[in-house]
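Topology and contacts: notes
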Amino acid sequence: MSAPPLVAVEGLARRFDVSRPWLARLLTREPRRWLQAVAGVDFAIPRGTTMALVGESGCGKSTVARMLVGLLQPSAGRILFDGSPLDPRAGRKALAPVRRRMQMIFQDPYASLDPRWRVADIVAEPLDAFGLVASRAERRERVAELLRAVGLSPADGSKYPHEFSGGQRQRISIARALASRPDFLVCDEPTSALDVSVQAQILNLMKDLQERLGLTYLLISHNLAVVSLMADRVGVMYLGRIVELAPAEELFTRPRHPYTRLLLDTVPDLELRRRERVPVAGEVPSPIDPPAGCAFHPRCPWANGRCRAERPEPLPVGAARVACHAVEEGRLLA
Amino acid sequence: MPLLEVEDLVVEFPTRRGRLVAVDRVSFTIEAGQVLGMVGESGAGKSLTGMAIIGLLEPPGRIAGGSIRLEGRRIDDLPPEAMRRIRGRKIGAIFQDPLTSLNPLLTIGRQLEETIRTHLDLDAGAARVRAIGLLREVGIPAPERRIDAFPHELSGGMRQRVVIALALAAEPALVVADEPTTALDVSIQAQIVQLLKRLCREHGTAVLLVTHDMGVIAETADRVAVLYAGRLVELGPVEAVIRRPRHPYTQGLMGAIPRIGARKGRLVQIEGSMPRLDAIPPGCAFHPRCPHAFARCRTERPELVTTGPAHRAACWRVEAGEGS
């Protein structure tokens, strides 16, 4: 990649304090307990492309998303936006010019829109917050333009969110996200709550907008088929770490990490090949007390002594970066 | 004789502004040991059809027409007490959220034993042995110990396994599974789908699998019923419906599903959304969104017509022998 990436994260980590209250700890002599939600996450997103993070619940993908847009502070590591590091201690004012350029779309279009606001005010909120419009007329004009861009009509601005279906609400969320003319959109499961035919409309809209406005996306999803459609690069997360990071083509044709292989193998098969699958035993362990060594070793058919003791570091394999001893040692053909 | 026969089922909700028809003259059958997948988007009436069959329609929703027969016997007009005995003994139910099916105050063993003893003539000791056997069958590790666990002590995947064990406890002839994997993580979903399929094959149980996920249907079902706005629009063998869908809605639905490998293209888009129950258009309910609609579609409702071996679709264009 010659051009500098729009967004890059280095050694990003976040832990949550899940200790019992101070007095209870004192009485039972229990130590503080931490939940390591995200650890050692590195990636870079070239401008105008889509990076996806996939994984099951609790893998930390949404925590990464929230740190990127400033809803959560990282415990360690740094975030670079357009080449300069974001200082989490800088005040609201200082960060505003950067924050304007990144927006987020949430999963639940029912929860993310205030039911008491008219759609026009919802969409105009970033315009007002960042002081981007000078007059009422300009505000009205900009809102109409945004509603049209997402396939709604300017007249919809005078309605309330409850008058819209789930898919239309997600369009409203996208219009609001685009209001401040951002470069970067973080989309956290943007279509998981929608029916497939509506999902198709929203995914097509996201692609069109990306092409037209040159947007850069971070897509958080558990749906590998959606990721394969949308993403240029994919990071597979397991218990807070990226276990495999690869160009999408590469990841879907040559998955390397055993967990990536497992995930791909669980995608329902619409081609009706009716293969009998190797049933994958086990579930994701608790992030409060993750397994030693490679966190995936209890479920991994290729795990050995080293996997149980030593955490694998991400190493380059072809165009991918894979954190797996079995791949590194050639025990598992990559 | 099919195990389950649903004929012209109508489910409606009376409201102040008139009655809303949520399931509109739906007919299908399921043979013993067969899995019928019922697919559709939210509001299509698929869950209500399942609920009508297990007799758990939530009032004011009610069956307003048609009949449901299990092993030849009508069950849609039974008094609640008689229906309660059939539910559990003859029909097992699996819902999306395992926590709604499990009592949080009782151990899973207690719940299993109670179900077993309600429906089968077994003493306490034999019921416990059977409960442990069921837990083993659904893949719960160390069932002798887990049987005394409470639901909250189990993970989501394990709870859904317990719900499946409960549904199968009395060896029912039919299981109604409503979105059984939707609340689970993808790697667990595959496990549960495989489990359900294997158990029903082994026990000869018929399954009505209600889901929005065509992938789950493709993996599990023998036949597929596609619902749109409360109406059955296509019914046929899973291969035929998935490979050669005949109804324009099914065709759109199949094209709208993203697939791994088919990268970078746009998805097929069905414009608009499913009508609300109070605004179902006249004629074919799909006509405002249909790229092929013509005059007749706007006025006259199409009935299911045969389009291939055991394959039927409700579409005027198909009936006229046009289209692919």
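Residues numbered from 1 in each chain as written. Chains lettered and ligands numbered in written order. Predicted model: local features only at pLDDT ≥ 70, side-chain atom pairs only at ≥ 80, totals over all residues.

**Some thoughts on the domain arrangement of chain A**
Residue and element names in this part refer to chain A. Under the domain assignment used here, chain A contains domain 1 (7–101 + 182–329) and domain 2 (112–181). The gap between the C-alpha centroids of domain 1 and domain 2 is 30 Å. Contacts between the two partners involve 11 residues from domain 1 and, on the opposite side, 11 residues from domain 2. Here the residues of the side of domain 1 that touches domain 2 sort into 9 nonpolar, 1 polar and 1 charged. (Domains from an automatic or database assignment. Contact = placed C-beta atoms within 7 Å. Nonpolar A, V, L, I, M, F, W, Y, C, P; charged D, E, K, R; others polar.)

**Notes on the interface of chain B and chain A**
Taken together, the 36 residues of chain B in the interface contact 33 residues of chain A. Looking at the side of chain B that touches chain A, the elements that each hand over two or more residues are α8 (186–203), α9 (214–220), α10 (238–243) and α11 (248–256) of chain B. For the side of chain B that touches chain A, the leading source of residues is α8(B), giving 7 residues. Class assignment for the residues of the side of chain B that touches chain A results in 15 nonpolar, 13 polar and 8 charged. (Helix = DSSP H or I, 4+ residues; strand = E, 2+ residues; numbered from the N terminus.)

**Remarks on the packing of helix α4 (residues 119–129) of chain A against helix α6 (residues 166–178) of chain A**
All names here are of chain A. Put simply, α4 and α6 touch, their axes get as near as 6 Å, and they point 35° apart. In this structure, α4 uses Val-119, Ile-122, Val-123, Glu-125 and Pro-126 to contact α6, whose residues at the interface are Ile-172, Ala-175 and Arg-176. Its residues assigned to classes, the contact of α4 with α6 shows 6 nonpolar, no polar and 2 charged. (Axes fitted to C-alpha atoms, helices over the stretch in contact; angles between N-to-C directions.)

**With respect to helix α5 (residues 124–137) of chain B**
Residues and elements named next belong to chain B. The end-to-end C-alpha distance of α5, which contains 14 residues, comes to 20 Å, matching closely the 20 Å that a straight helix rising 1.5 Å per residue would cover. The set of residues buried in α5 consists of Ala-127, Ala-131, Leu-134 and Leu-135. End-on, the buried residues of α5 take up no more than an arc of 95°, which puts them together on one face. The exposed residues of α5 that point more than 90 degrees off its buried face are Gly-125 and Gly-133. Lining the buried residues of α5 we find α4 (108–119), α6 (143–146) and α7 (156–168). Where α5 ends, the next residue or the one after it, Gly-139, has phi of about 85°, a positive value. (Expected span 1.5 Å × (residues − 1). Buried ≥ 20, exposed ≤ 12 C-beta atoms within 10 Å, placed from the backbone. Arc of directions from axis to C-beta.)

**Comments concerning the environment of A:Leu229**
Positionally, A:Leu229 belongs in helix α8 (residues 224–230). When the C-alpha positions of A:Leu229 and A:Ala248 are compared, they lie 9.1 Å apart, and in sequence the two are 19 residues distant.

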